[in-house]
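Here's the letter readout for the chains.
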Amino acid sequence: MTSSDRDETAAPPGPGTAAPAAPAAVATAAPPANTVVVPADEDPVAAAGSEVFGGPPGRRALLGVSWWVPARFLALVVIVISALGMAQKLPCYEQAWFQPGSPQYIHACYSDIPHLYSGRGFAAGLHPYLDRIPGSSGDLQYLEYPVLTGLFMQVAAWLTPGGDQQSQEQWFWAINAGMLMACAVIAVVALSRTHRRRPWDAMMFALAPVLLLNGTVNWDLLAVALAAVGMAWWAGSRPGWAGVFIGLATAAKLYPLLLIGPLLVLCWRAGKWREFRAMLGGAVGAWLLVDIPVMIANWQGWSTFYVFSKHRGEDYGSIWLLLMRWRGEALADLDVYIAVLMVLGCAAIAWLGLSAPRRPRFAQLAFLVVALFVLTNKVYSPQYSLWLLPLAVLARPRWRDILIWQACEVLYTLGIWSHLGFVTGPKQHGIGEPWYNFALVLHVLGTLYLVVVVVRDALYPDRDPVRWDGSDDPSGGVLDRAPDAFVIGTARYLREQESYAAYAPAGPEGWLYEQPQPPEPAGKS
C-alpha cells in the first residue's frame with residue numbers, strides 16, 4: 001500500500017486508548033529485496049513534482065538499469081546544487097568578503113572560510129595546533145576546530161597558490177568549496193546505499209536548499225560525509241567499519257559522537273552486544289589514531305576546541321540567547337542547565353527506544369538525539385542544519401515534512417544574515433532584533449515539528465513510511481528484523497498480550513519467542 005492511499009492526518013490513539021491489536025495497514029512480511037521504492041508511487045508531493053518531468057514512472061519503466069543508476073544521478077544533482085551554491089557566493093567572492101561592515105551579510109553570502117585563512121595563520125604558513133596564532137589571547141590562541149577539520153583546512157592551504165592576500169583567500173575558499181562538494185557527493189551516495197530499497201529518498205538531501213545556501217559557510221560537510229558513510233556501513237552489517245567512520249567523523253566535529261547512544265540503546269534491546277563492541281572499538285580506535293599525535297605534540301593546541309566550547313556563552317541561534325534577551329542578563333551556570341536538559345532528553349529517547357511497541361529505527365533515534373543537541377546548544381549556526389539533513393531524510397522520508405522543516409531553516413538562514421547586516425552596517429540594512437527573534441523561534445518550531453513526527457512514527461509504526469511495505473529497519477544492519485532481548489514499559493506489557501505479534505516483523509525470529517505459556521487449568525492431571 002502506498003502513502004497516497006493512506007490518511008497521514010488521522011489522529012493516533014490517545015493516551016487512554018489501548019494500542020491497536022493488529023494494525024492491518026502495517027505489512028509484517030519482508031518485501032522483495034530486489035525491488036526499489038519509487039517516491040512518486042507513494043509520496044503525494046513527489047508524485048505532484050514528477051508532473052514537471054512527465055508524471056510518475058509507469059509499471060514497465062526500467063529504473064536503475066542503465067549507466068544512470070541512482071547513486072550516479074544523485075551525485076550529479078549534488079554537483080549541480082553545490083555549483084549553484086558557489087555561484088550564490090559570487091557577490092562575496094568578488095568583493096563583499098573584503099569590505100568592512102555588512103555587505104557580505106546583506107548579500108547572504110557570508111562564509112567563515114576566507115576569513116580564517118588569514119585569521120588562523122594559514123596565510124603566514126603556520127601549522128594548526130602547533131603554532132600560536134599571532135596576536136591571539138585567552139581561549140583562542142590556537143585553531144578552535146577538531147583535529148580532522150584542521151587537517152582538512154591545512155590541505156586546502158597547501159593547495160592555495162601564492163599572490164596577494166585577497167587572491168589567496170579567494171583561492172582558499174574555492175579549493176575548500178571543491179573539497180566540500182566532494183564530501184557532499186560522498187554523503188549522498190552513502191545515503192542512497194543506507195536504505196537500499198529507497199535510494200531515491202536521498203534526493204531530499206541532494207536538492208536541499210540548506211545544502212545550496214550553507215554548504216560552504218564552514219567545514220561541516222566533512223563530518224556529515226564521514227557520519228553518513230558510517231551509517232551506511234552499519235546498515236550493511238559491518239559494525240567495525242561503521243565505528244571507524246563514526247570515530248573519524250567525531251574527530252572532525254563533535255556531534256557524530258551522539259550516534260553511539262542510539263546504537264547502545266537499540267543493541268541493548270536486541271541483545272547485539274558483540275556488534276556494539278565492534279562498533280565502539282572501531283570508533284575509539286579511529287578517533288585516537290587521529291587525535292593522539294596532536295595531543296602529544298601540543299596538548300594546549302589540541303584542547304583549544306574543547307576549552308573554547310566550554311567557555312562560550314549564549315550566542316546567535318540558541319534558545320539561551322532569547323532567554324538572555326528576555327531576562328536582560330546572561331544565565332549563570334549555563335553549562336549545568338544544558339547538561340541537565342541533555343541528560344533528561346537522552347533518558348527520554350532511551351526510554352522510547354526500549355519501550356516503544358516496535359523497536360524504533362536507528363535513523364529515528366539518531367535524528368532525535370542530534371536534534372536535542374542542536375536545540376539545547378549554546379549556539380546554532382546556519383550550517384548546523386546540515387548535521388540534521390541526512391538524519392531527517394532517513395528518519396522521515398516524506399517530502400512534505402522535509403520541506404516544512406527546510407522552509408523554517410531557510411528563513412532562519414536569511415534572517416541571521418539580514419540581522420547581522422542590520423547590526424554591523426551604518427545604514428542598518430536588514431531586520432532588527434524582534435524579527436530576528438521571530439526567525440529563531442521559527443527554526444526551533446520547525447525542528448520540533450520534525451521531532452514530533454518522528455516520535456509519532458516510532459510509537460505508531462503504521463505511520464512510518466519506511467515500514468508500510470513490511471520493511472523493518474533498513475538502516476539497522478544487524479538490528480534489522482532481529483528479535484528483542486530486553487524491553488521495558490509498553491513493549492514489556494505487550495510482550496504478554498496477544499497483540500504483541502502485530503508489531504513484529506514476520507519471520508522465524510518473531511517477538512513471541514519468549515512469550516510465557518498460560519498455566520494449565522486447576523484440577524487437570
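Everything below is about the structure shown above.
First things first, this report covers the structure right here in the doc. The written sequence of each chain sets the order in which its residues are numbered from 1. Owing to the predicted nature of the model, reporting of local features is limited to residues with pLDDT of at least 70; listing and counting of side-chain atom pairs is limited to 80 or more, with chain, interface and lining totals taken over all residues. Excluding hydrogens and water, the side-chain figures rest on all heavy atoms present in the structure.

Here's the deal with a nonpolar patch on the surface
Stage number 1. On the surface, a cluster of nonpolar side chains totalling about 450 Å² of accessible area is made up of W68, F73, L76, V80 and L84.
Stage number 2. The way it works is that DSSP assigns letters per residue, a run of H or I at least four long becomes a helix, a run of E at least two long becomes a strand, and they are numbered from the N terminus. Relative to the helices and strands, W68 resides in the loop between helix 2 (44-50) and helix 3 (70-88).
Stage number 3. Looking at W68, the relative accessible area reads 43%, which means it is partly exposed. What makes a patch is a set of residues exposed beyond 30% relative accessible area and free of salt bridges, joined within 9 Å when like-charged and within 5 Å when nonpolar (Val, Leu, Ile, Met, Phe, Trp, Tyr). In this description, accessible areas are obtained by the Shrake-Rupley approach with a 1.4 Å probe, and a residue is regarded as covered only by the protein chains that are shown. Any Lys or Arg side-chain nitrogen found within 4 Å of a carboxyl oxygen on Asp or Glu counts as a salt bridge. Note on classification: 1.4 Å probe, protein chains only; a residue is buried when its accessible area is under 20% of the maximum for its type, exposed when over 50%, partly exposed between these limits.

Quick word on the packing of aromatic side chains
Two aromatic rings are characterised by how far apart their centres lie and by the angle between their planes.
Stage number 1. Each Phe, Tyr or Trp ring, with Trp reduced to its six-membered ring, pairs with another whose centre is within 6.5 Å; inter-plane angles below 30 degrees give stacked pairs, above 60 give edge-to-face pairs, and intermediate values give tilted ones. Counted according to the given criterion, the structure contains 27 aromatic pairs.
Stage number 2. Summarising the aromatic geometry, the rings of W268 and F486 are spaced 4.9 Å apart at their centres and angled 0 degrees between planes, so their arrangement reads as stacked. Here the residue W268 occupies a position in helix 13 (residues 260-270), and F486 occupies one in the loop between helix 21 (433-459) and helix 22 (489-495), the gap between them amounting to 218 residues.
Stage number 3. The exposure class assigned to W268 is partly exposed, which follows from its relative accessible area of 39%.
Stage number 4. Accessibility expressed as a relative area gives 30% for F486, which makes it partly exposed.
Stage number 5. Relative to Y436, the ring of Y316 has its centre 5.7 Å away and its plane inclined at 85 degrees; by these criteria the two rings are edge-to-face. Of this pair, Y316 sits in the loop between helix 15 (299-311) and helix 16 (319-327) while Y436 sits in helix 21, placing them 120 residues apart in sequence.
Stage number 6. Classification of Y436 by relative accessible area gives buried; the value is 0%.
Stage number 7. Through successive ring pairs, a cluster of aromatic residues spans Y255, Y316, F373, Y380, Y384, W387, Y412 and Y436.

Quick notes on helix 15
Stage number 1. Residue count minus one, scaled by 1.5 Å, sets the expected span of a helix. Look at helix 15: 18 Å from first C-alpha to last across 13 residues, which is about the 18 Å you get at 1.5 Å a residue.
Stage number 2. Two axes are fitted around each residue, one to the seven residues ending there and one to the seven starting there, and the angle between them is reported as the bend at that residue. Approximately 40 degrees is the largest bend angle found in helix 15, and it occurs at F305.
Stage number 3. Every buried residue of helix 15 is accounted for by G301, W302, S303, T304 and F305.
Stage number 4. In what follows, residue pairs with any heavy atoms lying within 4.5 Å of each other are defined as contacts. Check the buried side of helix 15 and you find it contacts helix 7 (147-159) and helix 14 (273-297).
Stage number 5. For helix 15, the N-terminal cap is N298; the gap from its side-chain oxygen to the backbone nitrogen of Q300 is 3.3 Å. Pairing of N or O atoms within 3.5 Å defines a polar contact, subject to two protein rules: one partner must be a possible hydrogen donor and the other a possible acceptor, and residues neighboring in sequence count only if both atoms are side-chain atoms.

Thoughts on empty space enclosed by the protein
To locate leftover empty space, one rolls a probe as large as a water molecule over the atoms.
Stage number 1. As defined here, a cavity is a set of points on a 1 Å grid over the protein atoms alone where a 1.4 Å probe fits but cannot get out. A pocket is an open set with protein on both sides within 12 Å along at least five of seven lines, and residues line them when an atom is within 4 Å of a point. Grid points are joined across faces, edges and corners, and a volume is the space filled by probe spheres set on the points. As enumerated under the stated definition, the model contains three cavities of 30 Å³ or more in all.
Stage number 2. Approximately 80 Å³ is the volume found for the largest cavity.
Stage number 3. Considering the residues around the largest cavity, the lining is formed by S82, G85, M86, A177, L180, M181, A184, L211, L212, G215, T216 and L221.
Stage number 4. Looking at the lining of the largest cavity, the elements that each hand over two or more residues are helix 3, helix 8 (165-194) and helix 10 (209-214).
Stage number 5. Top element by residues in the lining of the largest cavity is helix 8. It accounts for four residues.
Stage number 6. Side-chain classes are defined by residue name, with Ala, Val, Leu, Ile, Met, Phe, Trp, Tyr, Cys and Pro counting as nonpolar, Asp, Glu, Lys and Arg as charged, and the others, Gly among them, as polar. When grouped by side-chain class, the residues that make up the lining of the largest cavity number eight nonpolar, four polar and no charged.
Stage number 7. Its boundaries defined by the atoms lining it, the second largest cavity holds a volume of some 60 Å³.
Stage number 8. Looking at the second largest cavity, the residues that line it are V224, A227, A228, M231, Y255, L259, W387, P390 and L391.
Stage number 9. Going through the elements one at a time, helix 11 (220-235) and helix 19 (385-395) are the ones with two or more residues in the lining of the second largest cavity.
Stage number 10. Counting residues per element, the lining of the second largest cavity draws most heavily on helix 11, at four residues.
Stage number 11. Broken down by class, the residue content of the lining of the second largest cavity amounts to nine nonpolar, no polar and no charged.

Overview of the state of the cysteines
Cysteine pairs can be covalently joined through their sulfur atoms, and such a bond is termed a disulfide.
Stage number 1. Criterion for a disulfide: a pair of cysteine sulfur atoms at a distance within 2.5 Å. In this structure the tally under the stated criterion is one disulfide.
Stage number 2. Covalently, C92 is tied to C109 through a disulfide, its sulfur atoms 1.9 Å apart. Because the torsion about its S-S bond is 75 degrees, the bridge between C92 and C109 counts as right-handed. Taken together, the positions of C92 in helix 4 (residues 90-94) and C109 in the loop between helix 5 (103-106) and helix 6 (112-119) put the pair 17 residues apart, joining distant regions of the chain. C109 carries the same exposure label as C92, and that label is buried.

So, to be careful, I would describe these as geometric facts and stop short of saying anything about function.
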